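Topology and contacts: notes
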Amino acid sequence: MRRLLHRPRRLRRSAALRDLVRETNLDPHDFVLPLFVSEKINTRRPIPSMPGVFQFSLKEVVDEARRAQDAGLQAVLLFGIPAIKDEQASGAYAENGVVQQAVRALKEKSPDLAVITDVCLCEYMSHGHCGVTRIDGDHFHVLNDATVDLLVKTAVSHARAGADLVAPSDMMDGRIGAIREALDDAGFEETGILSYAAKFASVFYGPFRDAAESPPQFGDRRSYQMDCANAEEALREVALDIDEGADIVMVKPALPYIDVLWRVRERFAKPTAVYHVSGEYAMVKAAAEKGVVDERAAVLEITTSLKRAGADIIVTYWARELAQWTRG
Ligand code: PBG
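So, a few notes on the structure that sits alongside this text. As the structure is a computational prediction, the values presented were derived from the model and not from experiment.

1. As for helix H8 (residues 232-244)
Taking 1.5 Å per residue, 13 residues should reach 18 Å; H8 reaches 19 Å between its end C-alpha atoms and fits that length. Three or more residues of H8 are buried, namely Ala-234, Leu-235, Glu-237, Val-238 and Asp-241. Relative to the axis of H8, the buried residues are bounded by an arc of 160° and lie together on one face. Among the exposed residues of H8, those pointing more than 90 degrees away from its buried face are Arg-236 and Asp-243. Buried residues along H8 sit in contact with helix H6 (175-185), strand S9 (192-199), strand S10 (248-252) and helix H9 (258-268).

In structure tokens, the structure reads:
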């Protein structure tokens, strides 16, 4: 046989050799755990479309975050479910809103845990849209600038409660710059912004809307979230958010947009996050329940792929398990 200088199989002969040449290694610090905290409950409530994921009460979420930290995680991403929704999303920026209370409690019990807060209005709006809407006959509009004003108030109130990073997930234009300016003016120069910079309108958010009780009551989110067909536009969106002051940029969902993730990381070399979303989680869970894939192996393969494609941070509902599986 011809003598091959590079003979890849040599390096795959044993687990030790495979480990030695492994390019991508997962670590508990790669992961962020989303947590849902509800003002309406006293004990945790399972989310039927997301087996293993719960809404927690204000008291429980503190213990849950502690468990996450004990498992080796260093950050959680908080979503709030308020007792009352209205047309101004007033629960989103109330000083005693559910997220504000949760952040204060978390920071008291787990001061070293990074607390990231989702900044959006959909959970707080009676109609479930991510912004202020106006209805004209059959059409509805989401009013960009009126929405940005409320997002700014929300972000500042999260910072005041002690959030380390605020994470706007609404996709309104100009919100990163407006939030950055308001945070600085209020004395929160050190509070960072994780921007959902390239957020695609996706069928894979379905289960989340159960978890966050935020399905739109009419219409859909396609006027503000991105078209799955557009990657160049995603890069322009990311460039704008970076210009406006985003510290970390996020691509969402994950696997269907892995090409976008790769291009964002390559082009901007900014800390880059990816959100492996609720529907992606539910698909793997369903397949695992049917016995057609091994859950742990599937999750490790998916998250390794996301990290290989450029993700510095992976937001995933498996974060706690992943921290255990990848420790040491
Ligand atoms: C809020 C928000 C959504 C998600 C994160 N923040 C839902 C949406 O835009 O409809 C989805 C997260 C997931 O599916 O896991 N705007």
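From this point on, the discussion continues.
2. Focus: the pairing of strand S5 (residues 114-119)
Of all six residues that make up S5, five are buried, and the element is covered over most of its length. Bridging between strand S4 (residues 75-81) and S5 involves four bridges; their strand directions are parallel. For Leu-77, the partnering residue across the bridge sits in S5 and is Ile-116. Direction of pairing for S5 relative to strand S8 (residues 165-168): parallel, over a ladder of four bridges. Each residue of the ladder has a partner; that of Asp-118, found in S8, is Ala-167.

3. Brief notes about the environment of Ile-84
Mapped onto the secondary structure, Ile-84 falls in the loop between S4 and helix H3 (90-93). A sequence separation of 73 residues divides Ile-84 from Ser-157, and the C-alpha atoms of the two residues are 18 Å apart.

4. Remarks on the packing of aromatic side chains
Tallied over the entire structure, the rule returns 11 aromatic pairs. With a centroid separation of 6.2 Å and an interplanar angle of 40°, the aromatic rings of Tyr-196 and Tyr-275 are classed as tilted. Placement of Tyr-196 in strand S9 and of Tyr-275 in strand S11 (residues 272-275) is noted, with a sequence separation of 79 residues between them. As far as burial versus exposure is concerned, Tyr-196 and Tyr-275 are alike and both buried. Taken together, Phe-36, Phe-79, Tyr-196, Phe-208, Tyr-275, Tyr-281, Tyr-317 and Trp-318 form an aromatic cluster joined through their ring pairs. When the ring centre of Phe-54 is taken as origin, the NZ or CZ atom of Arg-44, which lies over that ring, is 3.8 Å away.

5. Let's talk about the pattern of salt bridges
In total, this model carries 15 salt bridges according to the counting rule given. For Lys-307, the salt bridge identified is with Asp-30, shortest N-O distance 3.0 Å. Taken together, the positions of Lys-307 in helix H11 (residues 295-308) and Asp-30 in the loop between helix H1 (15-20) and strand S1 (31-38) put the pair 277 residues apart, joining distant regions of the chain. The exposure class assigned to Lys-307 is partly exposed, which follows from its relative accessible area of 24%.

What counts, and at which threshold
Residues numbered from 1 in each chain as written. Predicted model: local features only at pLDDT ≥ 70, side-chain atom pairs only at ≥ 80, totals over all residues. Heavy atoms only, no water. Helix = DSSP H or I, 4+ residues; strand = E, 2+ residues; numbered from the N terminus. Expected span 1.5 Å × (residues − 1). Buried < 20%, exposed > 50% of the residue type's maximum accessible area, 1.4 Å probe, protein only. Arc of directions from axis to C-beta. Contact = heavy atoms within 4.5 Å. Pairing = 2+ DSSP bridges. Phe/Tyr/Trp six-rings, centres within 6.5 Å; stacked < 30°, edge-to-face > 60°. Lys NZ or Arg CZ within 6 Å of the ring centre and 35° of its normal. Salt bridge = Lys/Arg side-chain N within 4 Å of Asp/Glu carboxyl O.

In short, geometric facts, not functional conclusions.
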